[in-house]
Amino acid sequence: MADKASLANRAPLIEARGLTVHLPGAERAILQGVNLAIRPAEIVTVVGPNGSGKSTLVRSILGHVTAQSGEVERRAGLRIGYVPQRVHVDDRIPMTVRRFLSLPRSVSDADAAAALARVGAEGLQSRQIARLSGGQFQRVLLARALLNDPQLLVLDEPTQGLDQPGIVAFYRLIEDIRRETGVAVLMVSHDLLVVMRASDHVICLNGHVCCHGTPQAVSAAPEYQALFGADSAETLALYRHDHDHAHDGALLNARHDHEHDHGPQHECEAHGHA
Amino acid sequence: MLDDFLIRAGLAGLAVVLATGPLGCFVVWRRMAYFGDATAHAAILGVALSLGFGAPVYLGTLGVAVAMGWLVAHLAGRGEAVDTALGVLAHGALAVGLVAASFVPGLRSNLEAWLFGDILMVQRADLIWVWGGATLVLAVLVWRWQGMVTATVNEELAMAAGINPARERLILTLAMAIIVAVAIRIVGALLVSALLVIPAASARSFARSPERMALLSTLIGAVSVACGLSASLFADTPAGPSIIAAAAAIFLFMLPFRRPMA
């Protein structure tokens, strides 16, 4: 792993500037002028209410959705491991875990075993995908995402369908993998408290970036509290996060995004508690 | 040797199941059973139009089947209620095809051969068409197998790997139109989609991987052809329906042996 102090200063792996996306048939833009940068070994989490454009942001960063304006700049040859939202493998398709790991590119038995062991899913190779528990399947998806030795992991609501201990264990696993491999992580999540504890940088999204910064700074921001309620900030204090690397000064405080000229009535408040 | 009608029938049936075995797996995985019906029923319209205008039957059938496949895929892509749209298109195409057939003198008396197939009447030219079409479909499936299976499992995962799910869907649509067009002489328009669904459904519970399911589905199809042809030869039953009845019997026979998989 690289020198901790230098991490935050490194050039971003991927950076989105002024991303605006209209989905076909929708009246207003699902994303409006979103900026986002992910640096090596950084865990960035996107939180926001349903319909705030979290998945669209992820998909446009991956290039699955075309943005009407703005740009996404990737470091050349960037390797991304992706765990999409709500993957469901129908029981009509016979598929062992081992076979699934070789879709669409074949991997060796040794690489498959190593990836499964890395996520605590060793020995599952011959099991049918459709018969796995929710927690086992999420780990298999993560193992698949790790196979090409990614520099960036993109996880869209990776803990959906897991119980509370399962959620905590999953985020701990993500932090372990980041610490060992230096992979950067972009996560979308509903699990506000647990996920913010595990993040370096939090982006609060509601069509646009309401506020962003460290978990502490974001949870104290009025825009965040308007979206998720004041309780969410107080509870977070109980889980104060130990940073294992320093950010540059600009990142330490929440930067409020005023590009859109909201005036005193912040747009987040209009959509509060969606 | 190819003059022997039974050998010609066996070869034609084998060609069809070589393609419908793996193709039928996608029909089961993607729940496209009605899609096969719509394409096959449209083929009757293709037969009537070809004979009416004196065009080659295989080309006309292929053209109408492809057009129907494209139309259904287009409607599905636009988010229309697919099962309803398929119901309208499948039955509408069959009805219009039957009406059109009534205006074609040669077809009116011979309609049953197109609806239920007449594998025992297969000629050398038919063999060339059916082997050509089946080989093409099988080659495309083998060539694109990894990408098609990935896109069937999850489109987002496929896109992340640089696969275009819409293109894989289109290729499946075209492959189905081709196999329907070349198989209509053998099992007929009403039953060709059964050859896609039944062997694959029988194979599902006995396979651990997509590839095994495709192989087993092909094998079950081949056994069905052999059984159906034998029944036709010895009991003078109609060959096409006998093949499908054999496939359905194999499905029922295998039911008690299904085992839950870990």
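Going by the structure above, here's the rest.
Read on for a plain summary of the structure. Not measured: the values here are computed from a predicted model. Throughout this document, residue positions are counted from 1 along each chain, in the order its sequence is written. Working convention: letters from A go to chains and numbers from 1 go to ligands, in the order in which they are written. Given that this is a predicted model, residues contribute local features only at a pLDDT of at least 70 and side-chain atom pairs are listed and counted only at 80 or more, while totals for whole chains, interfaces and linings are drawn from all residues.

1. Topic: the nonpolar core
Here is the rule we go by: Joined through C-beta atoms within 7 Å, a set of buried Ala, Val, Leu, Ile, Met, Phe, Trp, Tyr and Cys residues constitutes a nonpolar core. Each residue is classed by its C-beta neighbour count within 10 Å, where at least 20 other C-beta atoms makes it buried, 12 or fewer makes it exposed, and intermediate counts make it partly exposed; the C-beta atoms are placed from backbone geometry. To qualify as a helix, a DSSP run of H or I must reach at least 4 residues; to qualify as a strand, a run of E must reach at least 2; elements of each kind are numbered from the N terminus. Residue ranges assigned to each domain were obtained from an automatic or database domain assignment. Throughout, a pair of residues is in contact if the C-beta atoms placed from their backbones lie within 7 Å.
Grouped together as the largest cluster of nonpolar side chains are 164 residues, with contacts concentrated most on B:Ala43, B:Ile179, B:Val180, B:Ala183 and B:Leu195. Residue contributions to this core peak at 13 residues, all from helix H9 (residues 165-187) of chain B. Mapped onto the domain boundaries, this core takes at least three residues apiece from domain 1 (4-79 + 151-169 + 180-270) and domain 2 (84-149) of chain A. Residues contacting B:Ala183, with those up to four places away along its chain left out, are B:Val16, B:Val130, B:Val192 and B:Leu195.

2. A look at the sheet that holds strand E4 (residues 69-74) of chain A
All names here are of chain A. Rule in force here: At least two bridges found by DSSP between two strands is the condition for calling them paired. Each axis is a line fitted through C-alpha atoms, and for a helix only the stretch in contact is used; angles between axes span 0 to 180 degrees, taken between their N-to-C directions.
Ordered by their spatial adjacency, 3 strands build an open sheet running E2-E1-E4, and the pairing between neighbours is antiparallel. Both edges of this open sheet fall to strand E2 (31-38) and E4, since each of them pairs with a single strand only. Taken pair by pair, the neighbouring strands of this sheet meet at an average axis angle of 15°, ignoring direction. With 5 bridges connecting them, strand E1 (residues 14-21) and E4 associate as antiparallel partners. Residue Ala-16 lies in a different strand from E4, and its bridge partner there is Val-72.

3. Describing unusual backbone geometry
Residues and elements named next belong to chain A. The step from Leu-103 to Pro-104 runs through a cis peptide bond, and the omega angle for that step is -10°. Turning to its location among the elements, Pro-104 is positioned in the loop between helix H3 (97-101) and helix H4 (109-118). The phi dihedral of Ala-41 is positive, around 65°, even though this residue is not glycine. For Ala-41, the position within the fold is in the loop between E2 and strand E3 (43-47). Given 23 C-beta atoms within a 10 Å radius, Ala-41 is considered buried. Residues other than glycine seldom take positive phi values, yet Arg-86 does so here, at roughly 45°.

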